[in-house]
Amino acid sequence: MSVVVDFVQECRRAVVSGGSLSVRELLGEVRAGDATHVFVNGVLVRDFGMNLRAGDRVVVVRESIPGRCSICGRRAFARIPYARLTLCREHFLEFVKRRVDKVVEEYRLIRSGDTVMVSVSGGKDSTAMLHVLSELRKSLKFDLVALHVDQGLPGYSELARPAVEELSKMSGVPLVMITYRELFNMDFPELIRRNRSGRPPCSICGLTRRYIYNAAAVELRASSVATGHHADDLAAYALKTLLIHDYDSLVKLVPRTEPMEGGVAHIRPLYETYERETLLYSIAAELPFVAQPCPYKPRGVLEDRLKDMLNELEREHPGLKLGFLKGIVRNIGSFRAMARAGGSGIGEVHLCKVCGLPASGDVCAFDRFTQRVLGSALGPHTREVVRVRIRGLGTGF
């Protein structure tokens, strides 16, 4: 059998072949006995005696790596090939903060006096984003509110909720908690079972969560909603849209998406931050996060294949993904023209007749979906639940 091992601190990959191996035996084979964190197929492993299977993907994080920090000379924690740097823990954390600060300033994502609602799932990406923004808010003079949507996912939600609550306290950021059960009178798995529309689980998840985020941001009168999309995912999504000529979707894959009338801007502070950097930041900063893939995540989808391809190219050509994303931003005007030429509805503004939030037609997709699947358009109810939660934050919001 063969197992792929990613040494994320060094941007290095190895393939180990042979007979049956446990995690502990694999670490001995690759001389990583000092590993502090091991993830198998995205799941944090606590029992190193666990046996591996053919095709498993293992990510290894160690206390330190060979070499010295380019800035202070201390033991190295991570290499940044595209910046030609080797950094200790302290300077790696500072590097990530500066990267996010640069994106915020360059693309004017946040302005002085803004209130930013941060979507926090409990995973490494949104966890790192919330923590970095909480560190930047004093110098940039803006307010933060975290929003967590508890979907009632078995094996995930019961871990995510306490992690987000702890992160909120650590970061000093007020937290709004919304559950699917109070909105739909059921958790996400039951909602999926009720669905007869042919819409896949990931699409339903995206539709319902986006609506909740937008509703909460509108009720909060937030300046923007910050999401934890990082450079790896954005580059893969962008490449897919180019391959299938989906310019409507491509023009949304920028650091800041301006709102339609009655809506709220969406910002992506991790636009130039890699996925491995969000993982290492969360570990180095000792942040609570859930290392457990969503049980509904499909396997072998095109985005995953493209992501693997881009990662391989990135190892050979450091900075390739960043250059690709910056090129999209530079040429966004041309892509918008291509979208309009293809009959895009960009620029058309409607307000849903049921709930009053922005929609592409007379009734928004959320109200159409809940009416069809649950027998009632739940936009107004959702907005009321969110309104009550926002009031619970107290004065100042």
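This text follows the structure it describes.
Residue numbers here run from 1 along each chain, matching the order of that chain's written sequence. Reporting of local features is limited, given that this is a predicted model, to residues whose pLDDT is at least 70; pairs of side-chain atoms are given and counted only at 80 or more, and all residues count toward the totals for whole chains, interfaces and linings. Remark: hydrogens and water are excluded; side-chain values derive from all non-hydrogen atoms of the structure.

Asker: Summarise the side chain of Glu277; cite the residues concerned and give the values.
Answerer: Within the fold, Glu277 resides in helix α10 (residues 275-284). Exposure categories follow from relative accessible area, calculated using a 1.4 Å probe and restricted to protein chains: below 20% of the type maximum is buried, above 50% is exposed, and the middle band is partly exposed. Asp and Glu are treated as the negative residues and Lys and Arg as the positive ones, with His and the ends of the chain left uncounted. Any Lys or Arg side-chain nitrogen found within 4 Å of a carboxyl oxygen on Asp or Glu counts as a salt bridge. Here Glu277 sits buried without a salt bridge, and the closest side chain of opposite charge, Arg276, lies 4.9 Å off (N-O distance). Here the side chain of Glu277 touches Tyr82 through a polar contact of 2.6 Å, side chain to side chain. Those residues within four positions of Glu277 in sequence are excluded, and the remaining contacts are Ile80, Tyr82, Phe92, Phe95, Val96 and Glu272. Counting from the N terminus, the helices are the DSSP runs of H or I reaching at least four residues and the strands are the DSSP runs of E reaching at least two. Pairs of N or O atoms are called polar contacts if they sit within 3.5 Å, as long as, within protein, a hydrogen donor faces a hydrogen acceptor (for residues adjacent in sequence, only side-chain-to-side-chain pairs). Throughout, a contact is declared for two residues whenever any of their heavy atoms are within 4.5 Å.

Asker: Give a detailed account of the side chain of Ser119, specifying residues and quantitative values.
Answerer: Positionally, Ser119 belongs in strand β10 (residues 115-119). According to the relative accessible area criterion, Ser119 is buried, its value standing at 8%. A polar side-chain atom of Ser119 sits 3.0 Å from a polar atom in the side chain of Tyr213. Each residue touching Ser119, except ones within four places of it in the same chain, is listed here: Ser126, Met129, Leu147, Tyr213, Ala226 and Thr227.

Asker: Go over unusual backbone geometry with me, naming the residues and quoting the values.
Answerer: One non-glycine residue, Arg31, lies in positive phi territory at about 55°. Among the secondary structure elements, Arg31 is positioned in the loop between α1 (23-29) and β3 (35-40). A relative accessible area of 73% means that Arg31 is categorised as exposed. One non-glycine residue, Arg221, adopts positive backbone phi at about 60°. On the secondary structure map, Arg221 appears in the loop between α7 (201-220) and β13 (224-226).

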